[in-house]
Structures are given as C-alpha cells and as structure tokens.
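What the coordinates show
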Amino acid sequence: MYTGAFGTSKSNSLMNEYASLLGDAVLRHRARVAEQSARIEAELASKVKSEFIANMSHELRTPLNTVIGFSKLLAEHQRRNLPDAEIVEYAVLINDAAGHLLSVINDILDISKIQSGKYTIDSREVSIEEILIASINSFRLIAKEADVTIGKTIAYDLPVVRGDAVKLRQIFTNVLSNAIKFTPRGGAIDVEALRAHDGGVTVLIRDSGVGMNPEDISVALTPFGQVDAGKARWREGTGLGLPIAKALIELHGGLIEIRSRKDVGTEVAIALPSRNSVSPVDHHDLPDLRSINS
Ligand SMILES: Nc1ncnc2c1ncn2[C@@H]1O[C@H](COP(=O)(O)OP(=O)(O)OP(=O)(O)O)[C@@H](O)[C@H]1O
Ligand SMILES: [Mg+2]
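Residues numbered from 1 in each chain as written. Chains lettered and ligands numbered in written order. Predicted model: local features only at pLDDT ≥ 70, side-chain atom pairs only at ≥ 80, totals over all residues. Heavy atoms only, no water.

Some details on the pattern of salt bridges
Counted according to the given criterion, the structure contains ten salt bridges. Here Arg39 makes a salt bridge to Glu43, at a shortest N to O gap of 3.8 Å. Taken together, the positions of Arg39 and Glu43, both in helix H1 (residues 9-75) and four residues apart, correspond to about one turn of that helix. Taking the shortest distance from any N to any O, the salt bridge between Lys246 and Glu250 comes out at 3.0 Å. Of this pair, Lys246 and Glu250 are both found in helix H8 (residues 241-251), four residues apart, which corresponds to roughly one turn of the helix. For Lys246, a relative accessible area of 26% translates into the label partly exposed. Residue class for Glu250 comes out partly exposed when judged on its relative accessible area of 40%. One network of salt bridges, with partners in common, ties together Lys72, Glu76, Arg79 and Arg80. (Salt bridge = Lys/Arg side-chain N within 4 Å of Asp/Glu carboxyl O. Helix = DSSP H or I, 4+ residues; strand = E, 2+ residues; numbered from the N terminus. Buried < 20%, exposed > 50% of the residue type's maximum accessible area, 1.4 Å probe, protein only.)

Here's the deal with the site of ligand 1
Taken together, 19 residues form the shell around ligand 1, and within it Asn178, Lys181, Gln226, Thr238 and Leu242 come nearest. Here an oxygen atom of ligand 1 sits 2.5 Å away from a polar atom, N or O, in the side chain of Gln226. Gly239 has a polar backbone atom sitting 3.0 Å from an oxygen atom of ligand 1. Within the complex, 91% of the 590 Å² of free accessible area of ligand 1 lies under protein. Counting residues per element, the ones that place at least two in the shell around ligand 1 are helix H6 (165-181) and H8. In terms of residue count, the dominant contributor to the shell around ligand 1 is H8 (three residues). Among the residues making up the shell around ligand 1, the classes are represented as eight nonpolar, nine polar and two charged. (Near = heavy atom within 4 Å. Polar contact = N/O pair within 3.5 Å; in protein donor to acceptor, adjacent residues only side chain to side chain. Areas by Shrake-Rupley, 256 points an atom, 1.4 Å probe, with all protein chains shown as cover. Nonpolar A, V, L, I, M, F, W, Y, C, P; charged D, E, K, R; others polar.)

Remarks on the nonpolar core
Here is a general trend for soluble globular proteins: nonpolar side chains tend to be buried in one another's company. Among the nonpolar cores identified, the biggest contains 43 residues, and Ile128, Phe172, Ile189, Val191, Val203 and Ile270 are the most heavily contacted of them. A total of seven residues in this core trace back to one element, the largest contributor, which is H6. Inspection of this core shows a minimum of three residues originating in each of domain 1 (1-119) and domain 2 (124-293). Contacts of Phe172, omitting those with residues within four sequence positions, involve Ile128, Ile131, Leu132, Ser135, Val203 and Ile270. (Core = buried A, V, L, I, M, F, W, Y, C linked by side-chain atoms within 4.5 Å. Domains from an automatic or database assignment. Contact = heavy atoms within 4.5 Å.)

Below, the structure is given as structure tokens:
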C-alpha cells in the first residue's frame, strides 16, 4: 500500500509523539547541565571568596603591621639611641611595605574597574621587544636573589602592534613575577617572542617551576583564586595578577593560554593581534605550547 511521502496518519502521530518526547528529554538534559555548571561555579566562587578573605587580611595586615611597628620605633629613636644605619633600615622597610600595600590596593581597584567595564586602554604603535626587555630587566635582581635564570629569544622580524605600553608592561610583569615566584632555586625561565601567522606577536613565558594540575588553571585565572591557597602560604600574593593580565590582554584583542604540569612547569602564551588587524586573535593563531605537553 502506498502511504504517501509522509506515511499514514497513525505513523505521523507516533512520529510526533516520539519527537515531542525526545524534545522534552533534550530540554531536561540541558536544564540539568546548566544547573550542574551553575552549582560548580557557585561552589568555586564561594571557595575563592573564603580563601580571599583569609588571604586578603594577611596581605593587608602584614605590611600595615610593618608600617606601624617600625614607624613607632623611629618615633622613639632618640630615647632608644638608634644608630643612623638602623634608622635607614627601618625607613626602607616602611617604604617597601607601603609600596606593597599600594600595589595590592591598585590591583583591587584595577580588577573592579575592569569588571565594571569602565577600563580603557591606549592604542598606539608599540614595540613589544622594548617592553619585554624592560620587564625582564626589572626582574634581574629578584631573579638573581631567587637563583632563577631568565633567558630570552626575540625574533628579528617582530611586527609593531597597537596597544598600551604601560598595560602591556603590566601583563608581562604579572606573568614573569609568577614564573619567578613559583620556580624553586636553580630553575630556569624562558621568554620567547615570535611573529604569529596573522602578523601579530606571540609571547611565550615558560618556567621550570612547581606547575599546576590542568583543572587548577581556571582557579588561577579567577580573581583572588590561588592554587593550594589553603596550604602553607609559602608564596605571597592576592590572586589578582593573572586575571588582571588576562583582562588586559583581552582588551588588546588578544588571548592568553596556559598549559601547566604539576612539578614540571608552566607555559603562558600571550597572543596580540597585528597593528592592522580588525578582528581579535583566533585561538588557532597560538602555537602549540611545546615543552609542557610533550
Ligand atoms: N607560573 C606558575 N606556576 C605555578 N603556579 C602558578 C603560576 N602562575 C600562577 N600560578 C598559580 O595561580 C595562582 C594565581 O596567580 P596570580 O598571579 O593571579 O596570583 P598570585 O601570584 O598568587 O598573587 P598576585 O599576582 O596578585 O600577587 C597563583 O597563586 C598560583 O597558585
Ligand atoms: Mg601573581
């Protein structure tokens, strides 16, 4: 019997019923997935929040206690008969602590401004090579004290990009400071800058440090998120360096990608679009992050 192109009315109604059951199942599954990811996000946010409060009070109290304690000693220098060298030493400690406090406060103001969408950046032609070299040089002394070497390879044909020199320096500084901070003595950091396929610039910053598990990378990129924050706080910080770097890179139309392996090291790739690019960097423009995953 010929039933026509769309079958009998009975088979049509069965098909309709089946389609509606299937549609309901898909909707239920989607709702479950959305609920699950909302729960995971809320759990992560609440974990990060409580760690933030513990961490933040440490980050603010430590320098403030230094300022209060040593300025009190300075005020009593005559009664205590302090030698000049000690007075200078205390003044330097107060200055360092106040500088650290200012940078923590600046980071908090930066991230809240970025999150409110009110952050703007300059767009001028800049030399990534110059900015990168200045950032690396500013870490020479710290790296020496930490017994970590910093090597650099900068391509001769690096194109000029458009961006904000101060913010680009902040990006490299934040990533480099992590590389030094999380690399034990005797370790090595490697900085490479190369021309990307799209005519932009890719900067790779690798370290042979403590690394992270792949699932910890999203925590590291969350504001105030620190991996192993509950454990002994052998490393200072507020957990804002990476999220600020990520936001600033994205404001440049660029991308950040992190690959890391526990006890092997971390590789951070920063892709910045070319001067003439009208569209942001595509994920495919990032080279394979080699050493960590091989
Ligand atoms: N190169 C790295 N190697 C291993 N872990 C890293 C590395 N970079 C970042 N992390 C992990 O990611 C976390 C977040 O990094 P981020 O720079 O945002 O914060 P921080 O360095 O702890 O503090 P801040 O930068 O605000 O002073 C770090 O606490 C650390 O656990
Ligand atoms: Mg940091």
